[in-house]
Amino acid sequence: MDRTDRIGKRARVAGWLRRVQREDPGAGRDRRADLILDVVRLGWPVCPAAHPLEYGCSCDRIGCPSPGMHPLSFAWQTQATTDVVQVTRWLERHPDANFVTATGVAHDVLDVPAEAGELALQALGSEVGPVAACGPDRHLFFTATRGTPVDEDEWWPCELDCHPETLDEHPGLRWHCRGSYVLLPPSRHPSGERMHWIRGPETPLPDPLRVLDVLTDACDTVGASAVDSRWLMGM
């Protein structure tokens, strides 16, 4: 074997090793566990969720309206926990599961179209808190919660804005608070993409009303742009 062949063989072996490392399922599971346990240690309650499976959902619901984007159990509100031991058990027991965090306890989430989210990131600058990309078309802005006031009568239920089962009816801004949940990175979105943090969960949670103002303006801008584009196309 001449020198050129030896170099070529070494390059092929090195490439194979890199592919094996990238595709190592154990490494992916470790990263998944680290990301989920990081938010648990911040006090965010979590529980396991379904995951996309082929062209549907891993749950047994025929025609699931939100494949891979809902908790495994209908009792998710009582199951969601910050107990590291319990979450570790779930991670081991459900190696393919996505995870959700219950909102209105430690945080709220303002959920907007990705285009509006990009505008808001620029406008908020250092004021922005944790932000996650959820698939190709949504950004999740994590904020302090309005869901646990001293006066129980002032609780703001998520149903005033939207509900996880009716998200398609709310294509603009969604406010996830008491009674709702959102997926957490690195959950797999039905599009096939993995969720990821744009700004990490360790970032301090901002005031929701300030973020809401900026996101509302951004959604209005994006909505106006969409209307203008349709009008121009119709000319």
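Relevant structure appears above.
What counts, and where the lines are drawn
- Residues numbered from 1 in each chain as written.
- Predicted model: local features only at pLDDT ≥ 70, side-chain atom pairs only at ≥ 80, totals over all residues.
- Heavy atoms only, no water.
- Core = buried A, V, L, I, M, F, W, Y, C linked by side-chain atoms within 4.5 Å.
- Buried < 20%, exposed > 50% of the residue type's maximum accessible area, 1.4 Å probe, protein only.
- Helix = DSSP H or I, 4+ residues; strand = E, 2+ residues; numbered from the N terminus.
- Contact = heavy atoms within 4.5 Å.
- Pairing = 2+ DSSP bridges.
- Axes fitted to C-alpha atoms, helices over the stretch in contact; angles between N-to-C directions.
- Disulfide = S-S within 2.5 Å.
- Phe/Tyr/Trp six-rings, centres within 6.5 Å; stacked < 30°, edge-to-face > 60°.
- Arc of directions from axis to C-beta.
- Polar contact = N/O pair within 3.5 Å; in protein donor to acceptor, adjacent residues only side chain to side chain.
- Patch = residues over 30% accessible without salt bridge, like charges linked within 9 Å, V, L, I, M, F, W, Y side chains within 5 Å.
- Areas by Shrake-Rupley, 256 points an atom, 1.4 Å probe, with all protein chains shown as cover.
- Salt bridge = Lys/Arg side-chain N within 4 Å of Asp/Glu carboxyl O.
- Lys, Arg positive; Asp, Glu negative; His and termini not counted.
- Charge placed at Lys NZ, Arg CZ, Asp CG, Glu CD.

Residues Ile 36, Val 46, Val 87, Leu 140, Phe 142, Leu 184 and Trp 197 are the most contacted members of the largest nonpolar core, which totals 29 residues. For this core, the elements supplying multiple residues, two or more each, are helix 2 (25–41), strand 1 (46–49), helix 4 (84–93), strand 4 (98–102), strand 6 (131–134), strand 7 (138–143) and strand 9 (181–183). Sort the elements by how many residues they give to this core and helix 2 lands first, with six residues. When residues no more than four places from it in sequence are discounted, the contact partners of Trp 197 are Leu 35, Val 39, Trp 44, Pro 130, Val 131, Ala 132, Phe 142, Leu 184 and Pro 185.

The five strands lie next to each other as 8-5-7-6-10, forming an open sheet whose pairing is antiparallel. Lying at the two open borders of the sheet, with one neighbouring strand each, are strand 8 (174–176) and strand 10 (196–199). Looking at each pair of strands side by side, their axes are set apart by 25 degrees on average, direction ignored. Two strands pair when backbone bridges link them, and strand 5 (residues 108–113) and strand 8 are joined in this way by three bridges, in the antiparallel orientation. Directly across from Asp 111, in strand 8, lies its bridge partner Arg 174.

Before going further, it helps to spend a moment on the state of the cysteines. In the structure shown here, the tally under the stated rule is zero disulfides. Lacking any disulfide linkage, Cys 59 is separated from the closest cysteine sulfur, that of Cys 57, by 3.5 Å. The partly exposed category is assigned to Cys 59, whose relative accessible area is 23%.

What follows is about the packing of aromatic side chains. Scanning the model with the defined rule gives four aromatic pairs in all. Judged by centre distance (5.0 Å) and plane angle (10 degrees), the rings of Trp 44 and Phe 142 are stacked. Of this pair, Trp 44 sits in the loop between helix 2 and strand 1 while Phe 142 is found in strand 7, placing the two residues 98 residues apart along the sequence. Given a relative accessible area of 2%, Trp 44 falls into the buried group. Centre to centre, the rings of Trp 44 and Trp 197 are 6.1 Å apart; their planes meet at 65 degrees, and the pair counts as edge-to-face. Taken together, the residues Trp 44 in the loop between helix 2 and strand 1 and Trp 197 in strand 10 connect sequence positions 153 residues apart. Counting every residue linked through ring pairs, the aromatic cluster contains Trp 44, Phe 142 and Trp 197.

This next bit is on the environment of Leu 121. With respect to the element layout, Leu 121 can be found in helix 5 (residues 114–124). In this structure the C-alpha to C-alpha distance between Leu 121 and Ala 218, which are 97 residues apart in sequence, comes to 9.7 Å. In contact with Leu 121, not counting residues within four places along its chain, are Val 128, Val 131, His 139, Phe 141 and Ile 198.

Spatial strand order, 1-4-9: three strands in an open sheet with antiparallel pairing. Strands at the two margins of the open sheet, each flanked by one partner only, are strand 1 and strand 9. In this sheet, adjacent strand axes meet at a mean angle of 35 degrees when their direction is disregarded. Here strand 1 runs beside strand 4; their pairing, made up of four bridges, is antiparallel. Along strand 4, the bridge assignment pairs Val 46 with Thr 101.

Below, the discussion takes up helix 4. Taken as a whole, helix 4 has its buried residues at Val 87, Trp 90 and Leu 91. Each buried residue of helix 4 lies within a common arc of 100 degrees when the element is viewed along its axis, so the set occupies one face. Residues of helix 4 that are exposed and point more than 90 degrees away from the buried face comprise Glu 92 and Arg 93. The opening residue of helix 4, the one whose side-chain oxygen lies 2.9 Å from the backbone nitrogen of Val 85, is Asp 83.

Here we take up a negative patch on the surface. Together, Asp 207, Asp 213, Asp 217 and Asp 220 make up a region of like negative charge exposed at the surface. Of note, Asp 213 is situated in helix 6 (residues 208–233).

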